[in-house]
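Tertiary structure, described
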Amino acid sequence: MAESAAPIGVFDSGVGGLSVLREIRQRLHHESLLYLADSAHVPYGEKSPEYIRERCRVIAAFLVERGAKALVLACNTATAAGINELREHYPQLPIIGMEPAVKPAALATRSGVVGVLATTGTLKSARFAALLDRFAADVRVITQPCPGLVERIEAGDLDSAELSAMLLAWVEPLLEQGCDTLILGCTHYPFIRPLLATLIPGDIRLIDTGAAVARHLGERLAERQLFSIGEASHRFYCSGDPRRMARVLPILWGGNGVVEFFAN
């Protein structure tokens, strides 16, 4: 039986999941958090489902060994490939995943055209196809893979001229086809929301799912009476270069932190 004071384990292929971690901290500020950035294997979006499932197994085991009372897959691609297996292996834990915000986008669009910016892995997944079948029957959804975007955000590039040019090349064709709602379908992408907002008309809606995931996590903790009421602590791990992650923490997390090396 998990203790309410135990931490919540959160992981992503890199630092993108910090966008979700910030939402969890804001909504559940008494909860201790373990965050693992699998940066040695980033990006997941270009790798096979089998490869991603193996990473999910390894990382989940590490977080559970450190007492995690719940797991959050702060990665759309990892969720699509690995969440079902993790739920079977850890039935005792609340396990929360990410998925592109197709339903709220379909409800929000006025033109009936929704654009999706995401990784190749997410867009090719059966989970994404099922979302379209379930929620997007009455709208037109145009998908746009964004190769290289995750790597730029990992490096802390959130506003360069080169990044602006990349984003415009992806977004302008969507706008020309009548898109009025854009789904940010990767947890890295909310970090470039301010830049993206300067490149598109002000009436284009940008939608991501970080806040919804934090809300759902809170509901699952409440169901199992696992809310913490103590003082929160946060630990960070990285399978890549911990020093590199530590440098971007103030930008992406809003504070400093010690990053420990995850050697697996």
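Residues numbered from 1 in each chain as written. Predicted model: local features only at pLDDT ≥ 70, side-chain atom pairs only at ≥ 80, totals over all residues. Heavy atoms only, no water.

This part covers the domain arrangement of the protein chain. Each assigned domain of the protein chain is listed with its residue range as follows: domain 1 (8-98 + 210-261) and domain 2 (101-209). The C-alpha-based centres of domain 1 and domain 2 are spaced at 22 Å. Taken together, the contact between domain 1 and domain 2 spans 33 residues of the former and 21 residues of the latter. Considering only the surface of domain 1 that becomes buried against domain 2, Asn76, Ala80 and Leu252 emerge as the three largest contributors, covering 21% of it. Viewed at the interface, domain 2 and domain 1 are joined by zero salt bridges. Applying the counting rule to domain 1 against domain 2 returns 14 residue pairs in polar contact (both at pLDDT 80 or more). Broken down by secondary-structure element, the contributors of at least two residues to the side of domain 1 that touches domain 2 are helix 1 (18-27), helix 3 (76-89), helix 10 (210-223) and helix 11 (242-252). Ranked by residues supplied to the side of domain 1 that touches domain 2, first place goes to helix 3 with seven residues. Tallied by class, the residues present in the side of domain 1 that touches domain 2 amount to 16 nonpolar, twelve polar and five charged. (Domains from an automatic or database assignment. Contact = heavy atoms within 4.5 Å. Buried area = accessible area lost by both parts, 1.4 Å probe. Salt bridge = Lys/Arg side-chain N within 4 Å of Asp/Glu carboxyl O. Polar contact = N/O pair within 3.5 Å; in protein donor to acceptor, adjacent residues only side chain to side chain. Helix = DSSP H or I, 4+ residues; strand = E, 2+ residues; numbered from the N terminus. Nonpolar A, V, L, I, M, F, W, Y, C, P; charged D, E, K, R; others polar.)

Time to look at the UniProt feature "binding site: substrate" (unreviewed entry) in the protein chain. In the numbering used here, UniProt assigns the "binding site: substrate" (unreviewed entry) feature to Asp12, Ser13, Tyr44, Gly45, Asn76, Thr77, Thr187 and His188. Despite a sequence span of 177 residues, these residues sit close together in the fold, their greatest C-alpha distance being 11.8 Å. Within the fold, Tyr44 resides in the loop between strand 2 (33-37) and helix 2 (49-65). Contact partners of Tyr44, with chain neighbours within four places excluded, come to Ser13, Asp38, Ile52, Arg55, Ile59, Cys75, Thr77 and Ala78. Separated by 2.6 Å, the side chains of Tyr44 and Asp38 make a polar contact. Position of Gly45 relative to the elements: it lies in the loop between strand 2 and helix 2. (UniProt positions renumbered as here; feature names shortened; annotations may be inferred.)

All right, on to the side chain of Thr122 then. Tracing the chain through its elements places Thr122 in helix 5 (residues 120-124). Other than its neighbours up to four places away in sequence, Thr122 contacts Asn76, Thr77, Pro100, Phe128 and Gly185.

Two cysteines form a disulfide when their sulfur atoms are joined by a covalent bond. Under the criterion given, the structure shown has zero disulfides. Left unpaired, Cys146 is separated from the closest cysteine sulfur, that of Cys186, by 8.6 Å. According to the relative accessible area criterion, Cys146 is buried, its value standing at 5%. Cys75 supplies the cysteine sulfur nearest to Cys186, a cysteine that is in no disulfide, at a spacing of 6.5 Å. (Disulfide = S-S within 2.5 Å. Buried < 20%, exposed > 50% of the residue type's maximum accessible area, 1.4 Å probe, protein only.)

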